[in-house]
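Spelled out from the first residue to the last, the chains are:
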Amino acid sequence: ETPNLDKLATGGLRYNNFHTTALCSPSRGALLTGRNHHAIGLAAITEAATGFPGNYGNIPKSAATIAEVLKQNGYNTMALGKWHLTPYTAYTSAGPFDRWPLGMGFEKFYGFLGGETDQWAPLLVRDNTFIDTPTRQAYHLTEDLVDRTIANIRDQQQANSGRPFFAYVALGANHAPLHAPKEFIEKYKGKFDQGWDRAREETFARQKQLGIIPKDARLTPRDPMIRAWVDLNDTQKRVYARLQEAFAGMLDPADHHLGRL
């Protein structure tokens, strides 16, 4: 249940012909620079860089991020959450820091450098410095990131009311590890017991109803590498249903916190 994301979608533009790179670093690089991911050296995630053209694992300085452009035009810029645009060999306290957020146009950063981190006990960076893992009761990274974003914006605006800002907020949700508060996982208990074949058909029908896909579109055959739901045993069905319950249980509170923002 995502009322806040739905509200944003209803009030904005719906892109139904988006060609995703289907991977973290390439998608983020393309979004932040407005360029094809091969043109900025991110054919794959940074950890999979080969050194060949198009896949050297970091954005060249000739491709400015939107943060760099906006900063030079009077904006304050801040990045919070997942980065995954730094070569993993530079994930050290000695840098080099030129591909960390502060080297790519952002004035502030609070989040994690890699592709994923523990949502209960994350490995966090503030600006160019690793910080201690939070240990407070009931801590979850999503809430922390939104709290920090709100605080950053309030600080910036009270110092210079009306000055424009760019806040790049990239939650760890909804990416592995699926760390969701237990009560939210339980909220979706049984909601996916129909299995992935039926869920696929339901999603397809909703997309037609919403006008995202043409009314005469036909559902493609299931990938032959994916077994039919009816062919799974009861234990397998329960495990896979639980995974989807955890996925929904992670997105639901993320939507709530984005609503606070």
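Note: the structure precedes this text.
Residues numbered from 1 in each chain as written. Predicted model: local features only at pLDDT ≥ 70, side-chain atom pairs only at ≥ 80, totals over all residues. Heavy atoms only, no water.

Colleague: Whenever I open this one, the layout of surface pockets confuses me. Can you help?
Modeller: Gaps left between atoms show up when a probe the size of a water molecule is rolled over them. Taken as a whole, the largest pocket holds about 890 Å³ of empty space. Lining the largest pocket are 28 residues, with Phe-192, Ala-199, Thr-203, Arg-206 and Gln-244 positioned closest to its centre. Those elements that provide at least two residues to the lining of the largest pocket are helix H1 (3-10), helix H6 (195-210) and helix H7 (234-260). For the lining of the largest pocket, the residue count by class is 14 nonpolar, 7 polar and 7 charged. By volume, the second largest pocket is sized at about 740 Å³. Lining the second largest pocket are 15 residues, with Leu-5, Leu-8, Phe-18, Leu-31 and Leu-258 positioned closest to its centre. Elements with a minimum of two residues in the lining of the second largest pocket: H1 and H7. Here the lining of the second largest pocket is built from residues that sort into 11 nonpolar, 2 polar and 2 charged. (1 Å grid on protein atoms, 1.4 Å probe; cavity = no way out; pocket = protein on both sides within 12 Å on 5 of 7 lines; lining within 4 Å. Points joined across faces, edges and corners; volume = space filled by probe spheres on them. Helix = DSSP H or I, 4+ residues; strand = E, 2+ residues; numbered from the N terminus. Nonpolar A, V, L, I, M, F, W, Y, C, P; charged D, E, K, R; others polar.)

Colleague: How should unusual backbone geometry be read in this particular structure?
Modeller: Note: most peptide bonds trans; most residues except glycine with negative phi. Of note, the bond from Gly-95 into Pro-96 is cis; its omega dihedral lies within 30 degrees of zero at 5 degrees. Tracing the chain through its elements places Pro-96 in the loop between strand S1 (76-82) and strand S2 (108-112). Ala-176 connects to Pro-177 through a cis peptide bond whose omega is 0 degrees. Within the element layout of this structure, Pro-177 appears in the loop between strand S5 (165-170) and helix H5 (182-187). A positive phi angle, near 65 degrees, is found at Ala-22, a position not held by glycine. Even without a glycine there, the phi angle at Ala-138 is positive, about 60 degrees. Structurally, Ala-138 can be placed in the loop between strand S4 (129-130) and helix H4 (141-159).

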